[in-house]
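An overview of the molecular structure
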Amino acid sequence: MLAGEAYDPTDPELVADRRRASDRCRRYNATAPTETDRRERLLRELFGEVGGDAVVEPPVRCDYGYNVGVGDAFFANYGCVFLDAAPVAFGENCLLGPGVHVYTSTHPIDPDERAAGREFGDPVTVGDDVWIGGRAVITPRVEVGDGAVVAAGAVVVDDVPARTVVGGNPAEVIRRIDEK
């Protein structure tokens, strides 16, 4: 699965891992805003890597959790979803608006292969100092460069160059950030 090869999502080990992640999400999502220490502990149990000062507003959902890594000063607003069959890596100082979805899971294009139940996972990498607006979707195999901005509602299917603003469906470069 992590090598990007076809895998069977009904494998008992993967089913157990998803159940464990679901339980951890449930416990995290049930915390009160004042339970900051508990949230930090639970987030470190859920995600594979957590930098300092990471904040994730509940509710949050993920498939496995252990494939998600977030850098220092990471912030995810309410309702984010990480389908992490492959690594999802966020750099430092990343901001996610409400309802951002990041997908690494994908399926064969051929309907017969798809019916066989196999899946694939391709990683998503987000650089440092990135802002992803609410309800944006990042699809498998996308890299978002340092300092980029993804507009709210964008569907990102191609790499995002550093220091650019992208938006739309599919997302396209709107402008370079250096432009006035």
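Residues numbered from 1 in each chain as written. Predicted model: local features only at pLDDT ≥ 70, side-chain atom pairs only at ≥ 80, totals over all residues. Heavy atoms only, no water.

For clarity, the cut-off: UniProt positions are given in the numbering used here, feature names are shortened, and annotations may be inferred rather than shown by experiment.
In the nomenclature of an unreviewed UniProt entry, the protein corresponds to Transferase from the organism Halorubrum tebenquichense DSM 14210. Among the UniProt annotations of the protein, the heading Sequence similarities (unreviewed entry) holds the following wording: "Belongs to the transferase hexapeptide repeat family."

Remarks on the sheet that holds strand β13 (residues 131-132)
Under the convention used in this document: Any two strands with at least two DSSP bridges between them are considered paired. Helix and strand definitions follow DSSP, with helices as H or I runs of at least four residues and strands as E runs of at least two, each counted in order from the N terminus.
Here seven strands make up an open sheet; going across it, the order is β2-β5-β8-β13-β16-β18-β19 and the pairing mixed. Each of the sheet's edge strands pairs with one partner strand only, and the pair in question is β2 (55-56) and β19 (171-176). Note: β13 against strand β16 (residues 149-150), two bridges, orientation parallel. Considered in β16, the bridge of tryptophan 131 is made with valine 149.

Focus on the sheet that holds strand β7 (residues 88-90)
One open sheet holds the five strands; their spatial order is β1-β4-β7-β12-β15, and the pairing between them is parallel. Of all the strands in the sheet, just β1 (49-50) and β15 (143-144) have a single pairing partner and so form its edges. By the bridge criterion, three bridges tie β7 to strand β12 (residues 124-126) in an arrangement that is parallel. Paired with valine 88 across the two strands is valine 124, which belongs to β12.

Describing the packing of helix α1 (residues 12-29) against helix α2 (residues 36-46)
Applicable threshold: Here an angle of 0 to 180 degrees is reported between the N-to-C directions of two axes, which are lines fitted to C-alpha atoms, with helices fitted over the stretch in contact. Small angles under 35 degrees read as roughly parallel and large ones over 145 as roughly antiparallel, with 65 to 115 read as roughly perpendicular and the rest as oblique. Each crossing is labelled by how the near helix is turned from the far one, with a counterclockwise turn of less than a right angle marking it left-handed and a clockwise turn marking it right-handed. The contact criterion used is simple: two residues touch if any of their non-hydrogen atoms lie within 4.5 Å. When residues are grouped by polarity, Ala, Val, Leu, Ile, Met, Phe, Trp, Tyr, Cys and Pro land in nonpolar, Asp, Glu, Lys and Arg in charged, and all others, Gly among them, in polar.
Packing of α1 against α2 brings their axes to within 10 Å, and their N-to-C directions diverge by 165°. In terms of orientation, α1 and α2 fall into the roughly antiparallel class. α1 and α2 meet at a crossing whose hand is left-handed. Contacts from Ala21, Arg24, Cys25, Arg27 and Tyr28 in α1 reach Arg38, Arg39, Leu42, Leu43, Glu45 and Leu46 in α2. Tallied by class, the residues present in the contact of α1 with α2 amount to six nonpolar, no polar and five charged.

Some points on the layout of surface pockets
Taking a probe equal in size to a water molecule and rolling it over the atoms shows the remaining empty space. The following threshold applies: Here a cavity is any set of points on a 1 Å grid over the protein atoms alone where a 1.4 Å probe fits but cannot get out, and a pocket is any open set with protein on both sides within 12 Å along at least 5 of 7 lines; a residue lines the site when it has an atom within 4 Å of a point. Grid points are joined across faces, edges and corners, and a volume is the space filled by probe spheres set on the points.
Of the voids in this model, the largest pocket is the one considered here, and its volume is about 240 Å³. Elements represented by at least two residues in the lining of the largest pocket include exactly α2 and β2. Looking at the lining of the largest pocket, the element that brings in the most residues is α2, giving six residues. Taken together, the residues that form the lining of the largest pocket break down as seven nonpolar, three polar and five charged.

Describing the nonpolar core
Buried together is how nonpolar side chains tend to be arranged in soluble globular proteins. Rules: Joining through side-chain atoms within 4.5 Å is the link that ties buried Ala, Val, Leu, Ile, Met, Phe, Trp, Tyr and Cys residues into a set, and such a set is a nonpolar core. Categorising residues by exposure relies on relative accessible area from a 1.4 Å probe, with only protein chains included: less than 20% of the type maximum marks a residue as buried, more than 50% marks it as exposed, and the intermediate range marks it as partly exposed.
Phe47, Phe74, Phe82, Phe90, Leu96, Ile132 and Val150 are the most contacted members of the largest nonpolar core, which totals 38 residues. Those elements that place two or more of their residues in this core are α1, α2, β3 (60-62), β4 (68-70), β6 (80-83), β7 and β12. Apart from the residues within four sequence positions on either side, phenylalanine 82 is in contact with Phe47, Val60, Arg61, Cys62, Asp63, Val68, Phe74, Phe90, Leu96 and Val102. Core analysis: the next-biggest nonpolar cluster, separate from the first, contains five residues, Tyr7, Leu14, Tyr64 and Ala85 among them.

Details of the environment of arginine 24
Structurally, arginine 24 can be placed in helix α1. Exposure remark for arginine 24: the relative accessible area of 24% places this residue in the partly exposed category. As for arginine 24 and leucine 46, which are separated by 22 residues in sequence, their C-alpha atoms are 6.0 Å apart.

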